[in-house]
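So you can see what is in the structure, the chains are spelled out below.
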Amino acid sequence: MQQASWQGSLWLAPDFAILHGAAGATDSHAHYAHQLMLSTGAPFTAQRDGVVHTARHLLVDSLRPHAIVAAPSPMLTIYAEPQRLGGAALLAAAGGADAPTPDGIAAALQAQPRLALADARVQRALDRVDALLSGKVSAAAVAEAAHLSLSQLERLFSAQLGLPVRRLVLWRRLRLAIRFILLGSSLTEAAHGAGFADAAHFSRTMRSLFGVRADRSLRQLKVTLLD
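Description of the structure in this document. All chains use their own residue numbering, which begins from 1 and follows the written sequence. Only residues with pLDDT of at least 70 get local features here, since the model is predicted, and only at 80 or more are side-chain atom pairs given and counted; chain-wide, interface and lining totals rely on the full set of residues. Calculated side-chain values reflect all of the structure's heavy atoms, with hydrogen atoms and water omitted.

Observations concerning the sheet that holds strand β8 (residues 75–80)
Rule in force here: Should DSSP find at least two bridges between two strands, the strands are taken to pair. Numbering goes from the N terminus for both helices and strands, where a helix is a DSSP run of H or I of at least four residues and a strand is a run of E of at least two. Every angle, taken between N-to-C directions, lies between 0 and 180 degrees, and every axis is a line fitted to C-alpha atoms, over only the stretch in contact when it is a helix.
With respect to topology, six strands assemble into an open sheet ordered β6-β3-β8-β2-β1-β9, the strand pairing being mixed. Among the strands making up the open sheet, the edge pair consists of β6 (57–60) and β9 (221–225). Sheet twist, expressed as the average angle between the axes of neighbouring strands with direction ignored, equals 15°. As paired elements, strand β2 (residues 16–21) and β8 share six bridges and run antiparallel to each other. By the bridge assignment for β8, F16 is matched with A80.

Dropping the structure here:
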């Protein structure tokens with residue numbers, strides 16, 4: 001399938017992003033973020049878990065395989081970190097107006113209460129992961145910062161975050177690299193700054209998790225950074 005590029009405007013916050021623009025077809029992919037797709041005009045066609053849907057809005061929960069088949073009208077696509085915002089929060093933020101706008105959705109999402117992690121040690125572990133992202137992330141160092149054994153760390157990540165440590169680190173590397181590019185870094189600079197082995201590794205990860213190519217997608221977006 002011909003892969004889409006991202007085009008349009010992006011509102012980027014610490015735990016959510018809103019993309020407004022044209023959306024082409026994508027390969028099937030799955031990523032950690034919850035995703036809500038909203039058409040601003042004609043219905044779009046998408047696959048979720050292999051089932052084809054033609055609709056004007058579709059919620060894709062974290063880690064569920066999905067693909068855009070056809071989107072004739074511009075779309076609003078909301079991504080949210082699942083440990084901070086649930087799918088219900090996305091639907092509530094988008095459903096507050098007959099004609100949702102990016103600014104309106106952003107304000108509604110900023111006002112939504114954030115989910116709390118059940119165990120404060122997981123947050124300490126996440127903080128340590130983020131501090132180490134530019135280089136090697138040692139699971140032992142993360143466990144030590146959270147006062148956990150390695151086996152406890154893995155169990156807590158799987159139970160509370162839904163991902164093992166290695167995959168969560170990869171997701172946060174990707175988030176960081178995307179942010180670097182949106183702020184003006186080259187593909188290579190962003191990859192190295194986020195701890196990827198090289199630009200090719202970053203590009204493969206981007207394609208696997210989002211179904212689009214980093215070199216075609218990220219440079220074409222007008223970015224608004226939100227606190």
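Next comes the rest of the description.
Thoughts on the sheet that holds strand β5 (residues 51–55)
Read across the sheet, three strands follow the order β5-β4-β7 without closing on themselves; strand pairing throughout is antiparallel. Edge positions in the open sheet fall to β5 and β7 (66–70), since each of these has one partner strand only. Strand-to-strand, the axes of this sheet are offset by a mean angle of 25°, without reference to chain direction. In this sheet, β7 lies alongside strand β4 (residues 44–48) in antiparallel orientation, the contact comprising four bridges. By the bridge assignment for β7, R48 is matched with H66.

Description of the nonpolar core
Heads up, the rule is: Think of a nonpolar core as a cluster: buried Ala, Val, Leu, Ile, Met, Phe, Trp, Tyr and Cys residues, connected wherever their side-chain atoms sit within 4.5 Å. Residue exposure (1.4 Å probe, protein chains only): buried if accessible area is under 20% of the type maximum, exposed if over 50%, otherwise partly exposed. Note on contacts: a residue pair qualifies if any of its non-hydrogen atoms lie within 4.5 Å across the two residues.
In this structure, W6, F157, L174, F202, M206, F210 and L218 are the most contacted members of the largest nonpolar core, which totals 46 residues. In terms of residue count, the dominant contributor to this core is helix α6 (residues 165–182) (nine residues). When sequence neighbours within four positions are dropped, the list of residues in contact with L218 reads W6, I178, I181, L182, F202 and M206. If you look at the next biggest cluster of nonpolar residues, it comprises 19 residues, including F16, L36, L76 and A80.

A look at the packing of aromatic side chains
Short version of the rule: We call Phe, Tyr and Trp rings a pair once their centres come within 6.5 Å, taking the six-membered ring for Trp, and we label the pair stacked below 30 degrees between planes, edge-to-face above 60, and tilted otherwise.
The full count for this structure, using the stated rule, is four aromatic pairs. For the ring pair Y32 and W171, a centre distance of 6.0 Å and an interplane angle of 75° mean the geometry is edge-to-face. Remark: W171 occurs in helix α6 and Y32 occurs in the loop between β2 and β3 (34–39); sequence separation between them is 139 residues. Residue Y32 shares its accessibility class with W171, and that shared class is buried. Ring centres of F196 and F202 lie 5.5 Å apart, and the angle between their planes is 35°; on these two criteria the pair is classed as tilted. Of the residues examined, F196 reaches a relative accessible area of 3% and is grouped as buried. Three or more aromatic residues link up through ring pairs in this structure, and these residues are Y32, Y79, W171 and F210.

Quick look at the environment of S9
Topologically, S9 is positioned in strand β1 (residues 8–12). Dropping the residues within four chain positions of it, S9 is found in contact with I18, L19, H20, L221 and K222.

Points about the packing of helix α3 (residues 120–132) against helix α5 (residues 150–161)
This is how the line gets drawn: Convention used here: angles under 35 degrees read as roughly parallel, angles over 145 as roughly antiparallel, angles from 65 to 115 as roughly perpendicular, and any remaining angle as oblique. Three residue categories are used. Nonpolar comprises Ala, Val, Leu, Ile, Met, Phe, Trp, Tyr, Cys and Pro, charged comprises Asp, Glu, Lys and Arg, and polar comprises the others, including Gly.
Where α3 contacts α5, the axes come no closer than 10 Å and their chain directions differ by 100°. It follows from the interaxial angle that α3 and α5 lie roughly perpendicular. Along its contact with α3, which presents R121, V122, A125 and L126, the element α5 presents L153, L156, F157, Q160 and L161. Class assignment of the residues belonging to the contact of α3 with α5 gives a composition of seven nonpolar, one polar and one charged.

Comments concerning the pattern of salt bridges
Note on pairing: side chains with opposite charge can pair once their charged atoms come close. Basically, it comes down to this: Each salt bridge in this description consists of a side-chain nitrogen of Lys or Arg and a carboxyl oxygen of Asp or Glu lying within 4 Å of one another.
Under the defined criterion, the tally for this structure stands at eight salt bridges. A salt bridge links D119 to R121; its shortest N-O distance comes to 2.7 Å. For D119, a relative accessible area of 15% gives the class buried.

Focus on unusual backbone geometry
Despite not being glycine, D49 shows a phi value in the positive range, around 55°. Checked against the element boundaries, D49 lands in the loop between β4 and β5. The phi torsion at L63 lies on the positive side, around 70°, for a residue other than glycine. Position of L63 relative to the elements: it lies in the loop between β6 and β7. The exposure class of L63 is partly exposed, given its relative accessible area of 32%.

Brief notes about the pairing of β5
As judged from the five bridges shared by β4 and β5, these two strands associate in the antiparallel manner. Of the residues in β5, the one forming a bridge with A46 is H53. Linking β4 to β5, which pair antiparallel, is a turn of two residues; within it D49 sits at a positive phi near 55°.

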